[in-house]
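Results of the structural survey
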Amino acid sequence: MGADPTSKIVGTVWGLLVLNTLGSAGAKTIIPLPRSLIQMVTMGALVAAFALALAVNLRLRIRASAYVFLLTLLLVTSVISSANLESGFGALFRCARLALFVGTLWLLSRWWDGGLTFARHHIRMYFAVLASVAAGLLISPGAALPDLYGGRLVGALWPLTPPQIGQYAAVIIGLTVLLVLGRRTDRAGAAVVIVPSLVLLALTHTRTATLGLFVGLALAIGSLILTSAAARRFFTWAVLCATVAAVTLSSALEAWFLRGQSQENFSNLTGRAKVWDALLAAPRTTSEQLFGMGLGDKSFGGLPIDNSWLAVYNEQGLTGVTLVAAIIIVLGGVALLRPPSLPRACAIFLISYCAIASYTEAGLGDASPYLLHLALAASLLAAPAEVAPLAPPGVPRLPTTEVPRRRIPRWARKSEVI
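So, here is what we can say about the structure in this document. What you see is a predicted model, and the numbers here were worked out from it, not measured in a lab. (Residues numbered from 1 in each chain as written. Predicted model: local features only at pLDDT ≥ 70, side-chain atom pairs only at ≥ 80, totals over all residues. Heavy atoms only, no water.)

1. With respect to the side chain of Glu315
Assignment of secondary structure puts Glu315 in helix H15 (residues 308-337). We classify Glu315 as buried; its relative accessible area is 2%. Those residues in contact with Glu315 that lie beyond four places of it in its chain are Ser81, Phe291, Gly292, Met293, Gly294, Leu295, Gly296, Asp297 and Lys298. (Helix = DSSP H or I, 4+ residues; strand = E, 2+ residues; numbered from the N terminus. Buried < 20%, exposed > 50% of the residue type's maximum accessible area, 1.4 Å probe, protein only. Contact = heavy atoms within 4.5 Å.)

2. Quick word on a nonpolar patch on the surface
Taken together, Ile30, Ile31, Leu33, Leu37, Met40, Val41, Ile139 and Leu157 make up a surface patch of nonpolar side chains, about 700 Å² in accessible area. The biggest single contributor to the nonpolar patch is helix H2 (residues 35-55), with three residues. Accessibility expressed as a relative area gives 38% for Leu37, which makes it partly exposed. (Patch = residues over 30% accessible without salt bridge, like charges linked within 9 Å, V, L, I, M, F, W, Y side chains within 5 Å. Areas by Shrake-Rupley, 256 points an atom, 1.4 Å probe, with all protein chains shown as cover. Salt bridge = Lys/Arg side-chain N within 4 Å of Asp/Glu carboxyl O.)

3. Describing the environment of Thr206
Residue position: Thr206 is located in the loop between helix H8 (187-204) and helix H9 (207-222). What makes Thr206 buried here is its relative accessible area of 4%. Linking Thr206 and Arg152, residues 54 residues apart in sequence, is a C-alpha distance of 8.7 Å. Side chain to side chain, Thr206 and Arg152 meet in a polar contact 3.5 Å long. Polar contacts involving the side chain of Thr206 include one to the main-chain carbonyl oxygen of Pro162, which spans 3.2 Å. (Polar contact = N/O pair within 3.5 Å; in protein donor to acceptor, adjacent residues only side chain to side chain.)

4. Regarding the environment of Arg152
You can see Arg152 is positioned in the loop between helix H6 (141-144) and helix H7 (162-181). For the pair formed by Arg152 and Leu203, sequence separation is 51 residues and the distance between their alpha carbons is 6.0 Å.

5. Focus on the nonpolar core
Counting residues in hydrophobic clusters, the biggest one holds 100 residues, and the most contacted among them are Trp14, Leu17, Tyr67, Leu105, Trp112, Leu178 and Leu374. Among the elements that make up this core, the one with the highest residue count is H7 (twelve residues). Among all residues touching Leu374, those that are not within four sequence positions of it are Tyr67, Ile327, Ile328, Leu331, Leu350, Ile351, Cys354 and Leu364. Core analysis: the second largest hydrophobic core is formed by six residues, Trp276, Leu310, Ala311 and Tyr313 among them. (Core = buried A, V, L, I, M, F, W, Y, C linked by side-chain atoms within 4.5 Å.)

6. Describing the packing of helix H1 (residues 5-20) against helix H5 (residues 117-139)
Between H1 and H5, the least distance of the axes is 10 Å, while the angle of their chain directions is 50°. For the element pair H1 / H5, the angle class is oblique. In the crossing of H1 with H5, the sense of the turn from one axis to the other is right-handed. Across the interface between the two elements, Ser7, Val10, Gly11, Trp14, Gly15, Val18 and Leu19 from H1 touch Phe118, His121, His122, Met125 and Tyr126 from H5. (Axes fitted to C-alpha atoms, helices over the stretch in contact; angles between N-to-C directions. Parallel < 35°, antiparallel > 145°, perpendicular 65-115°, else oblique. Left-handed = near helix turned anticlockwise from the far one by under 90°.)

7. What to know about the pattern of salt bridges
Applying the stated criterion to the full structure yields three salt bridges. The shortest N-O distance in the salt bridge between Lys298 and Asp366 comes to 3.2 Å. Of this pair, Lys298 sits in the loop between helix H14 (286-291) and strand E1 (299-300) while Asp366 sits in the loop between helix H16 (342-357) and helix H17 (369-381), and the two are 68 residues apart along the sequence. Residue classification places Lys298 among the buried residues on the basis of a relative accessible area of 16%. Salt bridges here are not isolated pairs; linked through shared partners, they connect Lys298, Glu315 and Asp366.

See below:
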């Protein structure tokens, strides 16, 4: 996909999807932003994304995608669970948001060809988000590192929590490292993205994002080891540096990892385990077990659930959990069946990261950055296809003349180099 107007619009649509999934809850900003205004911006971004995607795909040409099909089934489950209004009218609003999100992905699937175009859109947009976080840190360090969050980095210009910032930083670091290994970007440009992102990740003290980054990169680079000398060299140096750091900086790494928490608090996953136990112990009807309580704010008893699987179970029941598991299994299975390549490695990184983060972060059952990461993985795993330019409505397509193929003798075919 070149730099034609259509590709620019498609990139804009992807950026609007990123903006929509930033959310409206987070830390206090330097300039107080009403939550209603933030929600208006994020929902407006989603509506604009759907409208633009429809404008460039008026013929509704889509590609078969198991991932988006499973998301569509998850949407149907969400509507069924939300129809009884146990979670209020907000559940239906969230269903409408998820419907626009899934519909936009269907429209964009026309341009999913296994290339790295959407990965570059992903990196650029999330790097812009991190640039706003860095700007807030420079303008007001006190607001960006508040005591309310234990001195962890938050968004001071746009309300972003430490886990969100850590997630965005980890994802673009991993993707950029893989692009460098695949020689799809220069090292200087990659350093501009990787170094500041690493600093922001360290300031968030986000353990899940850090673990997901390292494990996801290890699996992704491992998939390239047999075919890439650069991947083998990077893996060797990474193991060596990690060993040295573990020996010489063990106390500092332990202090960063614990974040000043007690061993008991750490073992309870900062109180998450208590919420999980209460959620699982709550009585439910058969219908609630199968389809859940309807889309909500991913909380139970006024406390965040912070686990994708339990959040899906609470809101979409066992049916939703089955569909989310199918999404991870299908994407992972397709990635394993694809031959080694850079797009495959990027997809493995994204799938691994989302699977690891699902244990302490919610988001796999609703429109979220995690579903957008997995959509990117699906686009990277799509089989290449010839995409003909769309003619404007009402303009007849010109007939094409096929050039007759020259017949090659059988003896000549055997001598071709494979």
